[in-house]
Amino acid sequence: MVQIPNTPTLVAEENVNHKRYKAQPQESFAIQQVVKPVPAPEPRFRGPAIKDKSESSRKDRLPVSGEYFENEKGDRFILRQKLGDGAMGHVFLSIFGGRTVAIKTEKYSTGMLPMEIKVLLSIKRNKGSHFCEIIDYGTIRREYNYMVISLLGKDLYRLRAEQPNRSFSLNTTTKIALETLEAIEELHAIGYLSRDVKPSNFAPGMREYGQHKTIYMFDFGLAKKYVDREHKKLKSRGEVGWRGTVRYGSLQAHKRLDLGRRDDIECWFYMLIEMYVGELPWRHMTDRALVGQAKLAVRNESRQVFFNRIPRQFETIMGMIDGYAFEVRPEYKQLKALIMEIRLENGIPDRCKWDWQIEESQHSELTETTSVMSDLAILAEQGITNYTDRAHERIDPLRNGSMSTPPIVNTSNIVEVTKMKGSITRGCSFSQKIKKKYILDFRKTGSASRRCLPVYRRKLCMLFDY
Ligand SMILES: Nc1ncnc2c1ncn2[C@@H]1O[C@H](COP(=O)(O)OP(=O)(O)OP(=O)(O)O)[C@@H](O)[C@H]1O
């Protein structure tokens, strides 16, 4: 997977120079034979784990693609390809209960995953609609923590980076604004702050599960309760140090002050401007103090330039945010109404596709064709360049000894496979369509093709796998 450089979360002051974990060279996408036999799993932790760091640091590690682990019920999870790298761990693709899932892993001693689990369990109890379902979680041999969550599509940072101008249309930006604001409101409603609202922490759901119209919020490593047990709001703790991601951090964060609900909304605001315009004025700045100054400047001397290219409602939104005190509940309803006003003023209909859906349909045809092309390249590598060559001399076993008419694998087949992918995704089974037509066709071509059949079949299967 192409890794797009991301905006790393700076976890805390002392972690500013934290280096991202790099993939180990021995990592492979193949399913490896690992850890034999599987030892009894560690008891699962409920909520934040209490760890004996001295002992854990000896075994502390991150798993790699191809490994598997078992939970206490004996369910086996294979860590397939890596979906993403975070500052603290890796996220892998896996399959569980017949559905594709994501598994987030973190070294046992890191200690951020337990907070995420706590937040997701609380969201689950409160039936939040913009969050991944938490399916399982636990600790493996005091080496790493994991949580199994529902799979999402590409995050908004990557989706924007893939757009022609690195920006979204007004339709997509405002739709994202409504979805993400709802997510933040739901999180606040259960007593948590994100403290790390940014595009790479939001993603659309999977089309396969009918969730593609919803934007989901994930990554609660920096989440914090802003209410006590009696649901009373906690007072600001004053200066506590930096939390969050520099590019999207609020003015209060730049002052290293304690963060409240208003700060999540301020991050949301910067995120939206970036999505629509394609960049923020402080995009190339790395110095945190300079970024803070640039954020002040857009409220003063560069205000006109900043708001020049964007709907006027965004200026009103910034004014509202700047007016909120630490403990104030943001006016989610009014903010949503302002976004709706932008849509109305610009005549954007309710039922409009996301920008990436348009891209997706064009892109999928391309990748399918490329995949089949690479299948053909594999066959060619095996010396089977012309499938009709030796086939004439063979007796077709499927036609009682009569001569077969060998299929020619060429671009028209590629187009046919590409078309077939469309019908398969609409519900036709892989085996009926592909196996019958293509695998049998290959059989007919004689022993040379039979030799390459497993490779071809495997590659075709891969086409229809995630
Ligand atoms: N449920 C999911 N489905 C698909 N991909 C996911 C899922 N969760 C995370 N990812 C991918 O993994 C990446 C890292 O995940 P996440 O942000 O949770 O990790 P992190 O260690 O907290 O990262 P960060 O340094 O950005 O704070 C994400 O940007 C996303 O691309």
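Not measured: the values here are computed from a predicted model. (Residues numbered from 1 in each chain as written. Predicted model: local features only at pLDDT ≥ 70, side-chain atom pairs only at ≥ 80, totals over all residues. Heavy atoms only, no water.)

Colleague: What's the story with the overall build of the chain in this structure? I'm lost.
Modeller: Tallying secondary structure elements over the chain gives 14 helices and 11 strands in all. For the chain, the proportion of contacts with a sequence separation of at least 24, taken over those separated by at least 6, is 67%. A total accessible area of about 23,300 Å² is found for the chain, and carbon and sulfur atoms account for 52% of it. (Helix = DSSP H or I, 4+ residues; strand = E, 2+ residues; numbered from the N terminus. Contact = heavy atoms within 4.5 Å. Areas by Shrake-Rupley, 256 points an atom, 1.4 Å probe, with all protein chains shown as cover.)

Colleague: Before we go on, may I ask you to explain the packing of helix 4 (residues 170–189) against helix 10 (residues 332–345) in this structure?
Modeller: For any two helices packed against each other, one specifies the crossing angle of their axes together with the interaxial distance. Where helix 4 meets helix 10, the axes come as close as 10 Å, and the angle between the chain directions of the two elements is 170°. The pairing of helix 4 with helix 10 is recorded here as roughly antiparallel in orientation. Contact with helix 4, carried on its side by L170, N171, T174, K175, A177, L178, L181, E182, E185 and H188, involves Y332, L335, K336, I339, M340, I342 and R343 of helix 10 and no other residues of that element. Across the contact of helix 4 with helix 10, the residue classes tally to 9 nonpolar, 3 polar and 5 charged. (Axes fitted to C-alpha atoms, helices over the stretch in contact; angles between N-to-C directions. Parallel < 35°, antiparallel > 145°, perpendicular 65-115°, else oblique. Nonpolar A, V, L, I, M, F, W, Y, C, P; charged D, E, K, R; others polar.)

Colleague: Please clarify how the UniProt feature "binding site: ATP" (unreviewed entry) in the chain should be interpreted in this entry.
Modeller: Feature annotation in UniProt assigns "binding site: ATP" (unreviewed entry) to the following positions: K104. Considering the arrangement of structural elements, one finds K104 in strand 5 (residues 99–107). Look at K104 and you get buried, because its relative accessible area is 18%. The contacts of K104, once residues within four sequence positions are left out, are H90, V91, L113, E116, N145, Y146, M147 and D219. At 2.5 Å, the side chain of K104 forms a polar contact with the side chain of E116. (UniProt positions renumbered as here; feature names shortened; annotations may be inferred. Buried < 20%, exposed > 50% of the residue type's maximum accessible area, 1.4 Å probe, protein only. Polar contact = N/O pair within 3.5 Å; in protein donor to acceptor, adjacent residues only side chain to side chain.)

Colleague: Explain the nonpolar core to me, please; I cannot follow it from the model alone.
Modeller: Core analysis: the largest hydrophobic core is formed by 76 residues, its most contacted members being F202, M217, F220, W268, F269, F314 and I317. No other element matches the 9 residues that helix 6 (residues 261–277) contributes to this core. Here this core spans two domains, since at least three of its residues come from each of domain 1 (13–150) and domain 2 (156–349). When sequence neighbours within four positions are dropped, the list of residues in contact with F202 reads D155, L156, T180, A183, I184, V197, I215, Y216, M217, F218 and M271. In terms of nonpolar packing, the next biggest core, distinct from the first, is built from 10 residues, F69, F77, I103 and V148 among them. (Core = buried A, V, L, I, M, F, W, Y, C linked by side-chain atoms within 4.5 Å. Domains from an automatic or database assignment.)

Colleague: Help me out: how do you make sense of the pairing of strand 6 (residues 134–140) in this one?
Modeller: When you tally the buried positions in strand 6, you get 6 out of 7 residues, the bulk of the element. Direction of pairing for strand 6 relative to strand 7 (residues 144–150): antiparallel, over a ladder of 6 bridges. Each bridged residue has a counterpart across the sheet, and for I140 the counterpart in strand 7 is Y144. The turn linking strand 6 back onto strand 7 is made up of 3 residues, and R141 within it adopts a positive phi angle of 45°. (Pairing = 2+ DSSP bridges.)

Colleague: In this structure, what is going on with the packing of aromatic side chains? I would like to understand it.
Modeller: For any pair of aromatic rings, the description consists of the separation of the ring centres together with the inter-plane angle of the planes. Applying the stated criterion across every chain, the model contains 12 aromatic pairs. With 4.3 Å between their ring centres and 45° between their planes, F69 and Y146 make a pair best called tilted. Here the residue F69 occupies a position in strand 1 (residues 68–70), and Y146 occupies one in strand 7, the gap between them amounting to 77 residues. In terms of burial, F69 and Y146 fall into one category: buried. Ring plane angle 80° and centroid distance 5.0 Å describe the contact between F306 and F307, whose orientation is recorded as edge-to-face. For F307, a relative accessible area of 8% corresponds to the buried category. Put simply, the rings of F69, F77, F96, Y144 and Y146 touch in pairs and so form one group of aromatic residues. In this structure, R99 packs its charged tip against the face of Y209, placed 5.8 Å from the ring centre. If you follow K175 out to its NZ or CZ, it ends over the ring of W354, 4.6 Å from the centre. (Phe/Tyr/Trp six-rings, centres within 6.5 Å; stacked < 30°, edge-to-face > 60°. Lys NZ or Arg CZ within 6 Å of the ring centre and 35° of its normal.)

Colleague: Looking at this structure, I do not really get helix 9 (residues 313–323). What am I missing?
Modeller: Side chains of residues three or four places apart in an α-helix project in the same direction, reflecting 3.6 residues per turn. Among all positions in helix 9, only Q313, F314, I317, M318, M320 and I321 are buried. Angularly, the buried residues of helix 9 cover 160° about the axis, an arc narrow enough to put them on a single face. Buried residues along helix 9 sit in contact with helix 6, helix 8 (303–308) and helix 10. (Arc of directions from axis to C-beta.)

Colleague: Help me out: how do you make sense of helix 6 in this one?
Modeller: A rise of 1.5 Å per residue sets the reference length of helix 6, with its 17 residues, at 24 Å; its end C-alpha atoms lie 25 Å apart and thus fit the reference within 8%. With respect to burial, helix 6 is a largely interior element, 15 of its 17 residues being buried. One or two steps after helix 6, the chain reaches G278, where phi turns positive at roughly 105°. (Expected span 1.5 Å × (residues − 1).)

Colleague: Whenever I open this one, the environment of I95 confuses me. Can you help?
Modeller: If you trace the backbone, I95 turns up in strand 4 (residues 89–96). What makes I95 partly exposed here is its relative accessible area of 39%. When sequence neighbours within four positions are dropped, the list of residues in contact with I95 reads R80, T100 and V101.

Colleague: Where do I start with the side chain of D355 in this structure?
Modeller: Along the chain, the position of D355 falls in helix 11 (residues 355–381). Buried and without a salt bridge, D355 has K175 as its closest oppositely charged side chain, separated by 8.8 Å. Engagement of the side chain of D355 in a polar contact is seen with the backbone nitrogen of S169, the distance being 2.6 Å. Not counting residues within four places of it along the chain, the set of residues in contact with D355 comprises Q163, F168, S169 and T172. (Lys, Arg positive; Asp, Glu negative; His and termini not counted. Salt bridge = Lys/Arg side-chain N within 4 Å of Asp/Glu carboxyl O.)

Colleague: Can you walk me through a positive patch on the surface in this structure?
Modeller: A cluster of basic side chains, namely K118, R125, K225 and R229, defines a positive patch on the protein surface. Looking at where K118 falls in the secondary structure, it is placed in helix 2 (residues 113–125). Assessed through its relative accessible area of 37%, K118 is described here as partly exposed. (Patch = residues over 30% accessible without salt bridge, like charges linked within 9 Å, V, L, I, M, F, W, Y side chains within 5 Å. Charge placed at Lys NZ, Arg CZ, Asp CG, Glu CD.)

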